[in-house]
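# Working through the structure, step by step
If you want the building blocks of each chain, they are given just below.
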Amino acid sequence: MKKVILSIASVFCFAAVTMAADPVLNPIITAMPSLSIAPDARAAGMGDVGVATTADLNSLYWNAAKFAYMDSHGGITANYTPWLRKLVGEIDLAHLEGYYKWDDVQGIAGSFTYFSMGAVQLTDMSGTVLQEAHPNEWALDVSYYRKLHEYVSMAVALRFMYSDLNNGINSSVSNSAQEMHAAWTMSADVDLYYRQPIDIKMGTSYFALGFTLTNLGGKMTYDDVTKNFIPATMRIGASYELPFDNYNKLTFNLQCDKLLVPTRLSKYAENYDPDDPATWRMTQDEYSDMTSVSGIFKSFADAPGGAKEEFNEVRWGAGLEYTYNRQFFARAGYSHENKYKGNRQYITVGAGFHLSIFSLDFAYCIGLAASNPLDQTMRFTLGFDLAGIKDLVNNRKEQ
């Protein structure tokens, strides 16, 4: 039963390669990998790049410090992704987000993410169907952001995370009294954003840098024995907005992401011998007993392949965004992950239409690696400017 339940989580770890005999295959496995799925269509259209882009309604997911540079004092957005439809049906990601600025330098934001894994047949060790479950995961966030300087802002966020892989159906595991149950934990984010105007011949350009540490928190357990790391991530990005005239501009974006999670094949294995790959795998007890703080620091130097393998753990993306009159948007991007760390390699395209009151964006993913579960994934975003709606209502009342 335990193997059946945990196999559900494996589907969502994004490994498009299998655990073959190749000893260098060393992907990073975490609980709640749904938190690593970019929910919004704008960033998705630019290769899942968003930590240093201009502020938008989905800034909390990428970098809540960007909210300090929003022109409006409030807004909400809804995001929807029909996920992994090439493999299985009924898997969806929904993300709601909103923010409010109570003055020109500070405010709060919040979001709710829900990931439905569809219907799953639970079986015993002999393969007999026991019940049908509907596994799901969700997270609730709240953030405070503040502008520290004309060009610098910072944010902190708290997150409650909940993962129910067996949908509350607690059956015994491997003929023992041990039972599966839902897992939960708390985590925090720390975000920094730098954005500086640069006067050039065509007008005012902007250079931006973003840095975030997300999902810094405790581990999760589904059986009170095995403790799983959550997807703690460090993101670093840069962006440059180049205007051509008063109506047209092009924005260049780059971003690197690294999971702050150790791998099972590790230099920290108790009997590690660099010349004997059979000694590289940490035991389940070793891995479970490692604290989340220790795991963060060890994630920078645990790979048996040394610095080269550590570098391979970095996912990088690049994206372009063309803007006309701040109303029409065209986007393209590329995302790359090493084939031994998950093999997510894809290009993306997207478009958007924004008015003073609402915005509509969509993105489409084209996988480049064989059997990429991200292939042909589409994301949609609908946003509303609350200040614009309030002004519209007030104007109508005055008339």
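Please read these numbers as outputs of a predicted model, since none were measured by experiment.

## As for the packing of aromatic side chains
Within the structure shown, the criterion is met by 16 aromatic pairs. Residues Trp138 and Phe160 carry aromatic rings whose centres are separated by 5.5 Å and whose planes lie at 45° to one another, so their mutual orientation is tilted. Here Phe160 lies in strand β7 (residues 152-164) and Trp138 lies in strand β6 (residues 136-147), a separation of 22 residues in the sequence. Just above the ring of Tyr206 sits the side chain of Arg195; from NZ or CZ to the centre is 4.0 Å. Directly above the ring of Phe300 sits Lys258, whose terminal nitrogen or CZ lies 5.1 Å from the centroid.

## Let's talk about the pattern of salt bridges
Within this structure, the stated rule accounts for 17 salt bridges. A salt bridge links Glu241 to Arg195; the shortest N-O distance between them is 3.9 Å. Highlighted residues: Glu241 in strand β12 (residues 233-243) and Arg195 in strand β8 (residues 183-200), separated in sequence by 46 residues. Of the charged contacts, one joins Lys258 and Glu313 as a salt bridge, the two residues approaching to 3.1 Å between their closest N and O atoms. Of this pair, Lys258 sits in strand β13 (residues 248-259) while Glu313 sits in the loop between α6 (306-312) and β14 (314-324), and the two are 55 residues apart along the sequence. Residue classification places Lys258 among the buried positions, given a relative accessible area of 7%. In this structure Glu313 comes out as buried when scored by relative accessible area, which is 8%. Within the structure, one salt-bridge network assembled from shared partners comprises Arg42, Asp56, Glu321, Arg331 and Asp361.

## A short note on the environment of Ala208
The residue Ala208 is located in strand β9 (residues 203-217) in this model. The sequence separation of Ala208 and Glu241 amounts to 33 residues, and the corresponding C-alpha distance is 8.5 Å. Not counting residues within four places of it along the chain, the set of residues in contact with Ala208 comprises Ala52, Tyr193, Tyr194, Arg195, Gly237, Ala238 and Ser239.

## Focus on empty space enclosed by the protein
Inspection of every chain in the model, using the stated rule, returns four cavities of 30 Å³ or more. Roughly 180 Å³ of volume is contained in the second largest cavity. Taken together, 19 residues line the second largest cavity, and the ones lying closest to its centre are Leu35, Tyr61, Asp141, Arg159 and Asn215. For the lining of the second largest cavity, the secondary-structure elements that each account for two or more residues are α3 (59-62), β2 (92-101), β3 (106-116), β6, β9 and β12. Across the lining of the second largest cavity, the residue classes tally to eight nonpolar, eight polar and three charged.

## Some words on the pairing of strand β17 (residues 358-367)
Residues of β17 alternate between two faces, with Ser359, Asp361, Ala363, Cys365 and Gly367 buried on one and Phe358, Leu360, Phe362, Tyr364 and Ile366 left unburied on the opposite face. Bridge count between strand β16 (residues 346-354) and β17: nine bridges; the pairing is antiparallel. Each residue of the ladder has a partner; that of Phe353, found in β17, is Leu360. Counted between consecutive antiparallel strands, the loop separating β16 from β17 contains three residues. Pairing of β17 with strand β18 (residues 378-385), which is carried by seven bridges, proceeds in the antiparallel orientation. Counted as the bridge partner of Tyr364 is Met378 from β18.

## A few points about the side chain of Asp223
Relative to the helices and strands, Asp223 resides in the loop between β10 (220-221) and β11 (227-228). Looking at Asp223, the relative accessible area reads 5%, which means it is buried. For Asp223, the side chain forms a polar contact with the main-chain nitrogen of Val225, separated by 2.9 Å. A distance of 2.8 Å separates the side chain of Asp223 from the backbone nitrogen of Thr226, its partner in a polar contact.

## Here we look at the nonpolar core
Core analysis: the largest hydrophobic core is formed by 20 residues, its most contacted members being Trp83, Phe115, Met161, Met220 and Tyr222. The next biggest cluster of nonpolar side chains, apart from the first, holds 15 residues, and it includes Phe67, Tyr69, Ala155 and Ala208.

Criteria and cut-off values
- Residues numbered from 1 in each chain as written.
- Predicted model: local features only at pLDDT ≥ 70, side-chain atom pairs only at ≥ 80, totals over all residues.
- Heavy atoms only, no water.
- Phe/Tyr/Trp six-rings, centres within 6.5 Å; stacked < 30°, edge-to-face > 60°.
- Helix = DSSP H or I, 4+ residues; strand = E, 2+ residues; numbered from the N terminus.
- Lys NZ or Arg CZ within 6 Å of the ring centre and 35° of its normal.
- Salt bridge = Lys/Arg side-chain N within 4 Å of Asp/Glu carboxyl O.
- Buried < 20%, exposed > 50% of the residue type's maximum accessible area, 1.4 Å probe, protein only.
- Contact = heavy atoms within 4.5 Å.
- 1 Å grid on protein atoms, 1.4 Å probe; cavity = no way out; pocket = protein on both sides within 12 Å on 5 of 7 lines; lining within 4 Å.
- Points joined across faces, edges and corners; volume = space filled by probe spheres on them.
- Nonpolar A, V, L, I, M, F, W, Y, C, P; charged D, E, K, R; others polar.
- Pairing = 2+ DSSP bridges.
- Polar contact = N/O pair within 3.5 Å; in protein donor to acceptor, adjacent residues only side chain to side chain.
- Core = buried A, V, L, I, M, F, W, Y, C linked by side-chain atoms within 4.5 Å.

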